[in-house]
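So the chains spell out like this:
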Amino acid sequence: MNVTVCQSCGMPLTTPAQFGTEADGSTTREYCIYCYKEGKFEQPGMSLEGMTEMCTAILKDEGMDEESARSMLRNQLPFLKRWRTNTTNQHTESLAENPTVSANHPDQVTTDHSFSAQPVRYVTLPGKRLAGVSARTTNAIEISGKGCIQGLWNNYFASEHLPAPEAARYGCYTDYTDGITGEYTILVGHEVSPNESLPEGLDDILLPPATYAVFTSRKGPMAEVAHEAWGAVWAWEKQSDRTFTGDFELYDERSLNPESVQVDIYIAVHQSR
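From a predicted model like this one, the values you see are computed outputs, not experimental measurements. (Residues numbered from 1 in each chain as written. Predicted model: local features only at pLDDT ≥ 70, side-chain atom pairs only at ≥ 80, totals over all residues. Heavy atoms only, no water.)

A. Looking closely at the overall build of the chain. Helix and strand counts for the chain come out as eight helices and 14 strands. Restricting the contact set of the chain to residue pairs at least 6 apart, pairs at least 24 apart contribute 67%. Carbon together with sulfur atoms contributes 51% to the accessible area of the chain, which is approximately 13700 Å² in total. (Helix = DSSP H or I, 4+ residues; strand = E, 2+ residues; numbered from the N terminus. Contact = heavy atoms within 4.5 Å. Areas by Shrake-Rupley, 256 points an atom, 1.4 Å probe, with all protein chains shown as cover.)

Printed below as a string of structure tokens:
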């Protein structure tokens, strides 16, 4: 599935008719036709906040909850190519003007990946068997405010069949039907051995051996940093590298304090790199 997103508004680009055009009439997969035409932005004076509000209105007209739409866009748009340089400069200026931020919260400087839409590393891992609770959903359902993922986390931690508190937890995404636009299975759980018998009520999935691009969040509240890290994944310019054989969030010993979580997101990619 060769899907990317517009590096101006974040719209998934799935057909050639959606691609923007260069001055010579050739197409580009970086921007959609609504943002970029004949080598120029359609709204050259648009600010990041202006784009956020415009896209919020569009998503609201399509049936999405306004607050959810705005929250999603504020997590995604700063990572896109059109806005990345300006946002990074604004972040640097903010730190310069407010030195107490870096003094009181050094992690914001040393581990803040919130404005990097690139993986921190690539790794190749053997297959994994994960067990937990699962459901089918889509990104559209989740960002509408009617999703199931938060409920799955709640149900998982209410289970009687949990490993030790320090054991790593996973949020795994697999069985995609249409890349980022279609249905997928989300499983919240932990790793188990291949032949381990599972108690009633737990599902399992088998992840194949794979190479992964790894995105690492800054430290902060779990929901906040996970959204930011996924914003980097969605804005990543190499969406065509993704295989959709199974992706996962890893919550390890860095996630024991829910107010100071650091999460890794593993995105399965083609091995030729």
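B. The arrangement of the sheet that holds strand S14 (residues 264-269) in detail. Here eight strands make up an open sheet; going across it, the order is S7-S12-S14-S13-S9-S10-S8-S11 and the pairing antiparallel. On the outer flanks of this sheet lie strand S7 (121-125) and strand S11 (203-207), each paired with one strand and no other. The sheet shows a mean angle of 35° between the axes of neighbouring strands, taken without regard to direction. Looking at chain direction, strand S12 (residues 210-216) and S14 are connected through six bridges and run antiparallel. Looking at S14, one finds that Phe-215 is bridged to Ile-265. Across the sheet, helix H7 (residues 149-157) lies against strand S8 (128-137), strand S9 (169-174), strand S10 (184-192) and strand S13 (247-251), angled at about 25° from S10, the strand it touches most. Relative to S14, helix H8 (residues 222-235) is tilted by about 25°, and along the sheet it contacts S9, S12, S13 and S14. (Pairing = 2+ DSSP bridges. Axes fitted to C-alpha atoms, helices over the stretch in contact; angles between N-to-C directions.)

C. Seen up close, the packing of helix H2 (residues 66-76) against H8. Packing of H2 against H8 leaves a shortest axis separation of 8 Å and a crossing angle of 65°. Relative to H8, the element H2 lies roughly perpendicular. The hand of the H2/H8 crossing is right-handed. From H2, Met-72, Asn-75 and Gln-76 reach across to H8, where they touch His-227, Glu-228, Gly-231, Trp-234 and Ala-235. Classifying every residue of the contact of H2 with H8 by side-chain character gives three nonpolar, four polar and one charged. (Parallel < 35°, antiparallel > 145°, perpendicular 65-115°, else oblique. Left-handed = near helix turned anticlockwise from the far one by under 90°. Nonpolar A, V, L, I, M, F, W, Y, C, P; charged D, E, K, R; others polar.)

D. Local environment of the pattern of salt bridges. All chains considered together, the criterion is met by 15 salt bridges. With a closest N to O distance of 3.5 Å, Glu-191 and Lys-128 form a salt bridge. Here the residue Glu-191 occupies a position in strand S10, and Lys-128 occupies one in strand S8, the gap between them amounting to 63 residues. Exposure remark for Glu-191: the relative accessible area of 40% places this residue in the partly exposed category. (Salt bridge = Lys/Arg side-chain N within 4 Å of Asp/Glu carboxyl O. Buried < 20%, exposed > 50% of the residue type's maximum accessible area, 1.4 Å probe, protein only.)

E. Region of the structure containing H8. Between its first and last C-alpha, H8 extends 20 Å over 14 residues, near the 20 Å set by a 1.5 Å rise per residue. In terms of burial, H8 is largely enclosed, as ten of its 14 residues are buried. Among the residues of H8, Val-225, Ala-226, Glu-228, Ala-229, Trp-230, Gly-231, Ala-232, Val-233, Trp-234 and Ala-235 are the ones counted as buried. (Expected span 1.5 Å × (residues − 1).)

F. Seen up close, the environment of Glu-160. You can see Glu-160 is positioned in the loop between H7 and S9. The class for Glu-160 is exposed, based on a relative accessible area of 75%. Sequence separation between Glu-160 and Pro-199 is 39 residues; the distance between their C-alpha atoms is 9.7 Å.

G. Region of the structure containing the nonpolar core. Core analysis: the largest hydrophobic core is formed by 51 residues, its most contacted members being Cys-6, Cys-9, Met-51, Tyr-173, Phe-215, Trp-230 and Ile-265. Top element by residues in this core is H8. It accounts for eight residues. Beyond its immediate stretch of four places on either side in the chain, Phe-215 contacts Ala-117, Gln-118, Pro-119, Ala-232, Val-233, Trp-236, Val-263, Asp-264, Ile-265 and Ile-267. The next biggest cluster of nonpolar side chains, apart from the first, holds 13 residues, and it includes Tyr-170, Ala-210, Val-214 and Leu-250. (Core = buried A, V, L, I, M, F, W, Y, C linked by side-chain atoms within 4.5 Å.)

H. The arrangement of the packing of helix H1 (residues 48-61) against H2 in detail. Packing of H1 against H2 leaves a shortest axis separation of 9 Å and a crossing angle of 140°. Taken as axis vectors, H1 and H2 run oblique relative to one another. The element H1 and its partner H2 pack so that their crossing is right-handed. Of the residues in H2, those touching H1 at Glu-49, Thr-52, Glu-53, Cys-55, Thr-56, Leu-59 and Lys-60 are Glu-66, Ala-69, Arg-70, Met-72, Leu-73 and Arg-74. Residues belonging to the contact of H1 with H2 are distributed by class as follows: five nonpolar, two polar and six charged.

I. Structural detail: H7. Three or more residues of H7 are buried, namely Ile-149, Leu-152, Trp-153 and Tyr-156. All buried residues of H7 lie within an arc of 100° about the axis, which places them on one face of the element. (Arc of directions from axis to C-beta.)

J. Layout of the packing of aromatic side chains. Counted by the stated rule, this structure contains 16 aromatic pairs. The interplanar angle of 35° and the centroid separation of 6.4 Å between the aromatic rings of Trp-230 and Trp-234 together place this pair among those described as tilted. Of this pair, Trp-230 and Trp-234 both sit in helix H8, four residues apart, which is roughly one turn of the helix. Residue class for Trp-230 comes out buried when judged on its relative accessible area of 11%. Each residue in the set Tyr-173, Tyr-176, Tyr-184, Trp-230, Trp-234 and Phe-244 is aromatic and connected to the rest through ring pairs, giving one cluster. (Phe/Tyr/Trp six-rings, centres within 6.5 Å; stacked < 30°, edge-to-face > 60°.)

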